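# Survey of secondary and tertiary structure
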Amino acid sequence: MTKTDTDAARWLLLAIRLPASRSSERVFVWRQLKTCGALALGSAGYVLPNHPANRERFEWLALAVRGHKGKASIAEVRSFDDISTKDLEKRFRAAREKEYAALIRDIKKLANSKHTRRSESLRKLRHRFADIVAVDFFVCPEQRLIEKLFTTAEMPPERSLTTRRKKLSVKEYVGRVWVTRPRPGIDRVGSAWLIRRFIDPKAKFVFNTTPDHYPEAIPFDMYGGVGFGHEGEDCTFETLMRAFAIKDRRASRIAEAIHDADLGDAKYGRPEAWGIDQVLVGWASQDLSDDELLTRGIGLVDGLYRSIK
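The present account deals with the structure reproduced in this document.

Rules used in this analysis
- Residues numbered from 1 in each chain as written.
- Predicted model: local features only at pLDDT ≥ 70, side-chain atom pairs only at ≥ 80, totals over all residues.
- Heavy atoms only, no water.
- Pairing = 2+ DSSP bridges.
- Helix = DSSP H or I, 4+ residues; strand = E, 2+ residues; numbered from the N terminus.
- Expected span 1.5 Å × (residues − 1).
- Contact = heavy atoms within 4.5 Å.
- Axes fitted to C-alpha atoms, helices over the stretch in contact; angles between N-to-C directions.
- Core = buried A, V, L, I, M, F, W, Y, C linked by side-chain atoms within 4.5 Å.
- Buried < 20%, exposed > 50% of the residue type's maximum accessible area, 1.4 Å probe, protein only.
- Right-handed = clockwise from strand over helix to strand, strands pointing away.

The next subject is the pairing of strand 3 (residues 46-49). Across four bridges, strand 1 (residues 11-17) lies against strand 3 in antiparallel orientation. By the bridge assignment, Leu-13 is partnered in strand 3 with Val-47. Pairing analysis gives two bridges linking strand 2 (residues 39-40) to strand 3, with the strands arranged antiparallel. Bridged to Ala-40 within strand 3 is Tyr-46.

The following block contains the structure:
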């Protein structure tokens, strides 16, 4: 018999107890719980969404607690009688929003300063951002704002917002691997669709926060101004359209829709991609691989393209 969504255990509960004399171990466990984004439920224990990665985190912590002569139990929980699923999700988001707010302040402060070790400081902030994203189980909207702040902060001072690339030859980009950040959103998904549709139908995509891990791959929508990304007021999709001189009326309309959905500035008044973006956000909160997210998203963008008369 197959479980339905209402039957599935949505949460993992970790109940632990350490001897009072183990103060240093308590501090260690508390730090690990904070790192993995667990939510404290008073004396009941700590909760995480029921994903394989979170189960591994809790199992590792339970093993550590038992190694310190404590007790630990992990339970799969469908629901709690004193707090709703909606309220739990809200509490998880609130925890991440607080961390994002602190990060936003630090990025803006660095962007407005003349820091002598700017690139190193930005790299540390990017690592901090990646750590928060890893436990942002319900995808707070602040992620997008921070991505735009990084794009601005990492843009070299000498780079003009009106910089225009020379037209590139599609032939030089056939049979290549492209690298972008994990958990692709509307701009990255749309860009991947554009690459497959107009540049290389057999293009392969990999995911990493550091393009140096794939030195032969072509970066797109990455931090640090490498490869193809936001340029001036353009999103990555628009940058690719311009760089490869793609002249396609339907693709141009999708470019406007993706710009509005990605940047949220309603520049073109095109709402078509907003719904796709929301679907991607929902899928990203599930236990889907980056490859599956990209494949599903490309299908949605292609459907939008075909629907345009």
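Across its 16 residues, helix 2 (residues 52-67) extends 23 Å between first and last C-alpha, which sits within 8% of the 22 Å expected from 1.5 Å per residue. The elements touched by buried residues of helix 2 are strand 1, helix 1 (23-35), strand 3 and strand 4 (71-77). Downstream of helix 2 by a residue or two, Lys-69 has a phi angle that is positive, lying close to 65°.

So, on to the sheet that holds strand 2. The strand order across the open sheet formed by four strands is 2-3-1-4, and the pairing between neighbours is antiparallel. On the outer flanks of this sheet lie strand 2 and strand 4, each paired with one strand and no other. Here helix 2 sits on the sheet and contacts strand 1, strand 3 and strand 4; the angle it forms with strand 4, its principal contact strand, is near 160°.

Time to look at the nonpolar core. Counting 42 residues, the largest nonpolar core has Trp-178, Phe-228, Phe-237, Phe-244 and Ile-254 as its most contacted members. Top element by residues in this core is helix 6 (residues 186-199). It accounts for seven residues. Not counting chain neighbours up to four residues away, the residues in contact with Phe-237 comprise Asp-187, Gly-190, Ser-191, Trp-193, Leu-194, Ala-251, Ile-254, Ala-255 and Ile-258. Counting residues in each nonpolar core, the second largest holds 26 residues, with Trp-11, Leu-14, Val-77 and Phe-92 among its members.

What follows concerns the pairing of strand 5 (residues 177-180). With four bridges joining them, strand 5 and strand 6 (residues 204-207) adopt parallel strand pairing. Paired with Val-177 across the bridge in strand 6 is Lys-204. Once the chain exits strand 5 it traverses helix 6 before rejoining the sheet at strand 6, and the crossover so formed is right-handed. Relative to strand 7 (residues 218-219), strand 5 is paired through two bridges, and the arrangement is parallel. Within strand 7, the position partnered with Trp-178 by the bridge is Ile-218.

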